[in-house]
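# Geometric and topological summary
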Amino acid sequence: MTKEQLQTAITEKLGDKMTLLDTGRHDLMYEVKRENLLEVCKTLKDDESLAFDYYLNSHGVDTKEKFEVVYNLASIIHKTRIDFKVILPYDSAEIESVQTIWPGANWFEREMWELYGINVLNHDNLTRFLLADDWDKGFPMRKDWDAPGFIRMPEL
Amino acid sequence: MGIIKKLPVYAEKVPGGGIVTTSLEMVLNQARARSLWYLLFGTACCAIELMCTGASRYDFDRLGMIFRATPRQSDVILTAGTITTKMAPRLRRLYDQMSEPRYVIAMGGCTINGGPFYYDSYSVEKGIDHIIPVDIHIPGCPPRPESLLEGCLHLQEKIKKEKLSDWQEK
């Protein structure tokens, strides 16, 4: 399936819930509203013309004004890939877990919660696993994060 | 008696008999300096250079240095690689499990002051000096096997200069 065919299929199935941001060099980048996330994910996985059965990656982004949660999916059957992001406001960084749809999302969401402080709702095991056991210094991947002993690179 | 001919400064043969006189300090120091078994503690890319040093081209064994996988059998801990804040208590624990006398070789920039992770890092220790006492620092990112061998030779020199009275104080 080519990128154009995928774009047509998405417009047909999820045109009202996914906004195209960028056609990009490789993958299509869409935006999804937070309240539509689970519905969109279910359709992306279960619909036979899309069939995104492989959860590649997901990560948090801090742009200083808002958080973004980016999902990278792949379809092994159609040999296609797609990216989409959910934009979260800084003061209510909460998102639904997608691990009921792709179980592989479990650790990615834990990591996001641990390093960015993005609260993942309905996650079955939201515990620390990357930072030190007695960590109490907040969320280190946030742009405004600071702690004693943390040395910022001087401006050159 | 070949060894006596090689060590005229340290050992003396009593004429007419099979007796050699020397000092206990010298014998123990020589023995310990030439059988430094090291605890493998490779946490990052420095460990690759450590493996290279242990392999046939550079051959760590000729210094009497053989790797051990347990602190109970080790004389020296060779910290090769980045030490994170999460790893620091584990490193301290392994060091505490080693029996005296024990030595520490800090290999590479990360173990000296954080190295490439000095800036903008929330998880890397800025040197291991404040976790365990370091005897030899080997700079480099990572150091070449020649540097590591030279560091080990410096440690041997240090051991050979030790006094019996120093051990009792420890």
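Think of each chain on its own: its residues are numbered from 1, step by step along the sequence as written. Chain labels run from A onward and ligand labels from 1 onward, assigned in the order the entries are written. A pLDDT threshold of at least 70 governs which residues receive local features in this predicted model, and a stricter bar of 80 or more applies before side-chain atom pairs are shown or counted, although totals over entire chains, interfaces and linings include all residues.

Let us look at the overall build of chain B. Comment: elements are numbered from the N terminus, with helices defined as DSSP H or I runs of at least four residues and strands as E runs of at least two. Secondary structure summary: chain B contains seven helices and seven strands in total. Starting at the N terminus and walking to the C terminus, you meet the elements of chain B as α-β-β-α-β-α-β-β-α-β-α-β-α-α. The 170 residues of chain B split such that 29% are buried. With C-beta atoms placed from the backbone, a residue is labelled by how many other C-beta atoms lie within 10 Å of its own: buried for 20 or more, exposed for 12 or fewer, partly exposed between the two.

Attention now moves to unusual backbone geometry. A cis amide bond links E100 of chain B to the next residue, P101 of chain B, at an omega of -10°. You can see P101 of chain B is positioned in the loop between α4 (88–97) and β6 (103–107). In this chain, C141 of chain B is followed by P142 of chain B through a cis amide linkage whose omega measures -15°. With respect to the element layout, P142 of chain B can be found in the loop between β7 (136–138) and α6 (145–160). With phi around 75°, K64 of chain A is a residue other than glycine that occupies positive phi space. At D120 of chain B, a residue that is not glycine, the phi angle is positive and equals roughly 60°.

Here we take up the sheet that holds β6 of chain B. Residue and element names in this part refer to chain B. Paired strands, in this sense, are two strands between which DSSP finds at least two bridges. In space, the five strands of this open sheet follow the order β4-β3-β5-β6-β7, with parallel pairing throughout. Each edge of the open sheet is held by one strand with a lone partner, namely β4 (67–68) and β7. Here two bridges tie strand β3 (residues 38–42) to β4, and the two strands are oriented parallel to one another. Of the residues in β4, the one forming a bridge with Y38 is F67. Contacts here follow a simple rule: the backbone-placed C-beta atoms of the two residues must lie within 7 Å. Only C-alpha atoms enter the line fits that serve as axes; for helices the fit covers just the stretch in contact. Angles between N-to-C directions range over 0 to 180 degrees. Where helix α3 (residues 46–54) meets the sheet, it contacts β3, β4, β5 (76–80) and β6, and its direction lies at approximately 130° from that of β5.

Attention now goes to the interface of chain A and chain B. With eight residues of chain A at the interface, the matching set in chain B holds six residues. Charged means Asp, Glu, Lys or Arg here, nonpolar means Ala, Val, Leu, Ile, Met, Phe, Trp, Tyr, Cys or Pro, and polar covers whatever is left, Gly included. Taken together, the residues that form the side of chain A that touches chain B break down as seven nonpolar, no polar and one charged.

The next thing to look at is the sheet that holds strand β4 (residues 66–75) of chain A. Residue and element names in this part refer to chain A. Sheet architecture is open: five strands sit in the order β1-β2-β5-β4-β3, paired in mixed fashion. The sheet is open, and its two borders are formed by β1 (18–22) and β3 (54–62), each paired with just one other strand. Each adjacent strand pair in this sheet contributes to an overall mean axis angle of 25°, direction not counted. Sheet topology note: the β4/strand β5 (residues 80–89) ladder contains 10 bridges and is antiparallel. Along β5, the bridge assignment pairs V70 with K85.

Turning next to the packing of α3 of chain B against α6 of chain B. Residues and elements named next belong to chain B. Interaxial distance between α3 and α6 falls to 9 Å at its minimum, and their mutual angle equals 75°. Comparing their axes, α6 and α3 come out roughly perpendicular. From α3, E49, L50, C52 and T53 reach across to α6, where they touch P145, L148 and L149. A class-by-class count of the residues in the contact of α3 with α6 yields five nonpolar, one polar and one charged. An angle below 35 degrees is read as roughly parallel, one above 145 as roughly antiparallel, one from 65 to 115 as roughly perpendicular, and any other as oblique.

A few words on the environment of Y116 of chain A. Residue and element names in this part refer to chain A. Take Y116: it is sitting in helix α3 (residues 105–116). On the neighbour-count criterion, Y116 (21 C-beta atoms within 10 Å) is buried. Spatially, the C-alpha atoms of Y116 and V32 are 20 Å apart, while their sequence positions differ by 84 residues. Excluding anything up to four places from it in sequence, Y116 contacts G60, D62, F67, F139, M141 and R142.

Attention now moves to the environment of Y30 of chain A. Residue and element names in this part refer to chain A. Turning to its location among the elements, Y30 is positioned in strand β2 (residues 28–32). Sequence separation between Y30 and F139 is 109 residues, and the spatial gap between their C-alpha atoms is 27 Å. Non-local contacts of Y30, meaning those with residues more than four positions away in its chain, are made with M18, T19, L20, L21 and F84.

Under the domain assignment, chain B is made up of domain 1 (1–33) and domain 2 (36–159). The start and end points of each domain follow an automatic or database-based domain assignment. If you average the C-alpha positions of domain 1 of chain B and of domain 2 of chain B, the two centres end up 33 Å apart.

Each pair of packed helices gets described by two things: the angle between the helix axes and the distance between those axes. All names here are of chain B. The geometry of helix α2 (residues 24–33) relative to α6 is characterised by a closest axis approach of 8 Å and an angle of 160° between their N-to-C directions. The orientation of α2 with respect to α6, classified from their angle, is roughly antiparallel. Where α2 crosses over α6, the handedness of that crossing is right-handed. For the pair α2 and α6, the contacting residues are N29, Q30, R32 and A33 in the first and Q156, I159 and K160 in the second. A breakdown of the residues in the contact of α2 with α6 according to their chemical character gives two nonpolar, three polar and two charged. Each crossing is labelled by how the near helix is turned from the far one, with a counterclockwise turn of less than a right angle marking it left-handed and a clockwise turn marking it right-handed.

Our focus in this paragraph is the pairing of β4 of chain A. Working note: regular strand, side chains alternate between the two faces of the sheet. All names here are of chain A. Pairing of β3 with β4 involves eight bridges; the strand directions are antiparallel. Note that in β4 the partner of N57 across the bridge is N72. Between β3 and β4, which pair antiparallel and follow one another directly, the connecting turn spans three residues, one of which, K64, has a positive phi of 75°. The loop that links β4 with its antiparallel partner β5 comprises four residues; one of these, K79, has a positive phi angle of about 55°.

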